[in-house]
Amino acid sequence: MARKFNNPSLFITKEHVNYEWLDSSRPRQDFPVINPSTGETITILPDMDAQDVTLAARHSAAAFQSWKVLSAKSRGKTIREWASLILANVDDLAVLITLENGKPLPESKGEVAAAAGYLEFYAGEAERVYGDVIPFSTAASRSFVIKQPIGVVACLTPWNLPLAMIARKAGGAIAAGCATIVKPAGETSLIALAMAYLGKQAGIPDGVFNVIVTLAHLTAVGKALCEDPIIRKISFTGSTPVGKMLMQQSAGSLKKLSLELGGNAPCIVFDDCDVQDALQTVVTAKLRNAGQTCISPNRIFVQRGIYEMWTERMVEAFKRFAVGDGFANGVKIGPLTVPRGIEKAQRHVDDAVSKGARVLLGGKAVPGNGYFFEPTVIADMTSDMLSHEEESFAPIAQLYPFDTEDQVIEMANNSDFGLGSYVCTKDIARMWRVAEKLETGMVGVNTASIASGELPFGGVKQSGFGREGGKWGLNEFMVTKLITVAVPQE
Ligand SMILES: NC(=O)c1ccc[n+]([C@@H]2O[C@H](COP(=O)([O-])OP(=O)(O)OC[C@H]3O[C@@H](n4cnc5c(N)ncnc54)[C@H](O)[C@@H]3O)[C@@H](O)[C@H]2O)c1
Ligand SMILES: O=CCCC(=O)O
């Protein structure tokens, strides 16, 4: 392992994965964590399995009993300390993210800051979980509604924002008074283990934040998390097929679920927009994390009057984004995190070309050991193409011409998915009309910054349900209880 860490304890190897509840003497297979820039093994970790889920769930249930009775202020103090430690270790954590996810180091540092931001927000918001007093319909009783933590929560987190998504899920759950079992994507396990280490240093009690790392036992671990009756809630970010499977597997134990599934974000560029600003917004949003975010503009609709000019300028802008190892200076686009991402990107490009689209830039994987895909611009997309149906999750801008507002709303809503969407226009009335008609959980108007601790993140249709962030996100980890008190009249 060539990278030097200021705090070497954050690089957790097989030997250090040794929780109180883990039976370390039981023989386990190992799995490699791979650097997607080089294809090299960063380290190996123990491949945990369904038995470990059972043990972790029991341990969490015990920890929940003492964590839930603390005041929100007291829990918040520990969570804020956790956020401070995360910020204090930003350089090392960013190295871990770049090592296993591949994104450029400055972007990884941004993700560390975002993760701390989620924790800080939830730490404060938990102090504002208010109840209700119901106006009485009979003089003989009074009714109150309170919120209580739901119990043990399983957080299944993705590889694209491997630290921020843990903070957005587990941060909310823990602030609400729950205990958590985090199952990160196996490809990005190291950052989850580092977060657990810092949580312990901050004073998060044993059992409140557990991590199960696995690659080979993914299916069995996912099933065990869904079926264990101790676990009361599943919060998942990932693909729609996996989300549906988890929902089916959770039916027997009737768990509450939040599913943040794939998107297929429409981005509508009207000819009255500020082209320079819009271009910067769309290009930045598209190429963030090499196009691997669920709110990446996937279908970019550009009004006919500016279509050719926009297309040319987008190509020029994409050419300025250097592709390479996320540790190299000046690199703006790292590799795709998983090799299957390359296959999907190529499938989308080839399908579009076969149906008449024009590739204006890129269009291929970069030869070598890393999982790099060229920044790609494709013009003249149509709704019969594969990437109109599903997100590409790659640095590919897909451009569609359109003529009228009504036409583009129909094109944008012609999707099974509904997570993020974007509108670029200077016309305020149009902004409202279009934003209200788009069938998505979130709309960015002249901005792509739509994710932050205080905002409700989530989708509709096949993009799932439930929200993360804000009071909505906290509520996902709570149950509503009615208390009615008899008040006999004299
Ligand atoms: N919403 C997001 O942020 C997000 C994140 C990752 C992938 N995706 C989408 O999914 C597509 C495919 O990515 P992939 O090949 O990694 O997808 P996948 O469906 O194999 O896995 C997605 C996530 O689900 C987890 N997972 C898979 N099977 C599971 C199971 N049986 N039980 C529990 N967890 C399980 C994985 O660890 C991973 O984190 C991407 O191209 C993208 O469109 C979306
Ligand atoms: O990819 C899913 C989450 C994207 C984000 O929060 O910015």
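Predicted, not measured: the structure shown is a model, and the values here were computed from it. Once a new chain begins, its residue numbering starts again from 1 and follows that chain's sequence as written. Ligands are numbered from 1 and chains lettered from A, in the order in which they are written. Only residues with pLDDT of at least 70 are given local features in this predicted model, and only at 80 or more are side-chain atom pairs given and counted; all residues enter the totals for whole chains, interfaces and linings. Side-chain measures here rest on the full set of heavy atoms in the structure, leaving out hydrogens and waters.

### Some remarks on the UniProt feature "active site" (unreviewed entry) in the protein
Annotation from UniProt places "active site" (unreviewed entry) at Glu 260. Runs of E in the DSSP output that reach at least two residues are strands. Runs of H or I that reach at least four are helices, and both are numbered from the N terminus. With respect to the secondary-structure elements, Glu 260 resides in strand β9 (residues 256-260). Buried residues are those whose accessible area, probed at 1.4 Å on protein chains only, stays under 20% of the maximum for their type, while exposed residues exceed 50% and partly exposed ones sit between those limits. By relative accessible area, which is 4% here, Glu 260 ends up buried. In this structure, Glu 260 is in contact with Arg 168, Phe 236, Thr 237, Gly 238, Cys 294, Leu 419, Phe 457 and Ser 463, ignoring residues within four places of it in sequence. UniProt positions are given in the numbering used here, feature names are shortened, and annotations may be inferred rather than shown by experiment. For this analysis, residues touch if any pair of their heavy atoms sits within 4.5 Å.

### Remarks on the site of ligand 2
Each residue is tested against the molecule or strand, and it is near if at least one of its non-hydrogen atoms lies within 4 Å. The environment of ligand 2 is formed by Asn 160, Leu 161, Met 165, Arg 168, Glu 260, Arg 288, Thr 293, Cys 294, Ile 295, Ala 451 and Phe 457. A 3.5 Å cut-off defines polar contacts: any pair of N or O atoms within that distance qualifies, except that in protein one atom must be a possible hydrogen donor and the other a possible acceptor, and neighbouring residues in sequence count only when both atoms are side-chain atoms. In this structure, an oxygen atom belonging to ligand 2 sits 2.7 Å away from a side-chain N or O atom of Arg 288. Per-residue and other accessible areas were derived by the Shrake-Rupley procedure at a 1.4 Å probe size, with only the shown protein chains allowed to occlude residues. Relative to its unbound accessible surface of 250 Å², ligand 2 loses 97% to contact with the protein. Residue polarity follows a fixed list, in which Ala, Val, Leu, Ile, Met, Phe, Trp, Tyr, Cys and Pro are nonpolar, Asp, Glu, Lys and Arg are charged, and the others, Gly among them, are polar. In terms of residue class, the shell around ligand 2 is built from 6 nonpolar, 2 polar and 3 charged. In this document the domain limits rely on a domain assignment from an automatic tool or a database. Counting the residues that make up the shell around ligand 2, at least three belong to each of domain 1 (8-261 + 464-480) and domain 2 (266-452).

### As for the UniProt feature "domain: Aldehyde dehydrogenase" (unreviewed entry) in the protein
The sites that carry the UniProt feature "domain: Aldehyde dehydrogenase" (unreviewed entry) are, in the present numbering, residues 21-482. Annotated as 41% helix and 20% strand, the span residues 21-482 places its first and last C-alpha atoms 35 Å apart.

### Examining the site of ligand 1
The full set close to ligand 1 counts 24 residues, and Trp 159, Ser 239, Arg 340, Lys 344 and Glu 391 are the nearest of them. Between ligand 1 and Arg 340, the relevant distance is 2.5 Å, taken from an oxygen atom to a side-chain nitrogen or oxygen of the residue. Lys 344 places a side-chain nitrogen or oxygen 2.8 Å from an oxygen atom of ligand 1. Here ligand 1 loses 87% of its free accessible area of 800 Å² to cover by the protein chains.

### Remarks on the nonpolar core
Residues grouped as a nonpolar core are buried Ala, Val, Leu, Ile, Met, Phe, Trp, Tyr and Cys residues, joined through side-chain atoms within 4.5 Å. Core analysis: the largest hydrophobic core is formed by 89 residues, its most contacted members being Trp 82 and Phe 209. If we skip the residues at most four places from it in the chain, Phe 209 touches Trp 82, Ile 166, Ala 170, Ile 174, Thr 180, Val 182, Ala 192, Met 195, Ala 196 and Ile 204. Ile 268, Phe 270, Leu 287 and Tyr 422 belong to the second largest nonpolar core, which has 58 residues in total.

### A few points about unusual backbone geometry
A positive phi angle, near 60 degrees, is found at Asp 380, a position not held by glycine. Position of Asp 380 relative to the elements: it lies in the loop between β13 (376-379) and α12 (386-389). You will see that Lys 461, though not glycine, has its phi angle at about 50 degrees, which is positive.

### Concerning the environment of Ala 2
Residue placement: Ala 2 occurs in the segment before β1 (30-34). Given a relative accessible area of 83%, Ala 2 falls into the exposed group. Linking Ala 2 and Ile 42, residues 40 residues apart in sequence, is a C-alpha distance of 9.1 Å.

### Some points on the packing of helix α2 (residues 72-88) against helix α4 (residues 105-125)
Axes, fitted as lines to C-alpha atoms, cover a helix only where it is in contact. Angles between the N-to-C directions of the axes lie from 0 to 180 degrees. Following both chains from N to C, one finds α2 and α4 inclined at 170 degrees, their axes separated by 8 Å at the closest point. When the axes of α2 and α4 are compared, the pair comes out roughly antiparallel. Between α2 and α4, the residues in contact are Gly 76, Ile 79, Arg 80, Trp 82, Ala 83, Ile 86 and Leu 87 and Val 112, Ala 113, Ala 116, Leu 119, Glu 120, Ala 123 and Gly 124, respectively. Taken together, the residues of the contact of α2 with α4 sort by class into 10 nonpolar, 2 polar and 2 charged. For this classification, under 35 degrees means roughly parallel, over 145 means roughly antiparallel, 65 to 115 means roughly perpendicular, and everything else is oblique.

### Things to note about the sheet that holds strand β20 (residues 478-486)
In this scheme, strands are said to pair when DSSP sees at least two bridges between them. Here we have 3 strands laid out as an open sheet, ordered β3-β4-β20, and antiparallel in their pairing. Each end of this open sheet is capped by a strand with a single partner; those strands are β3 (132-134) and β20. Taking each pair of neighbouring strands and ignoring which way they run, the sheet shows an average axis angle of 25 degrees. As defined by bridge partners, strand β4 (residues 141-149) adjoins β20 across 9 bridges and the pair is classed as antiparallel. Its bridge partner lying in β20, Ser 141 is registered against Ala 486.

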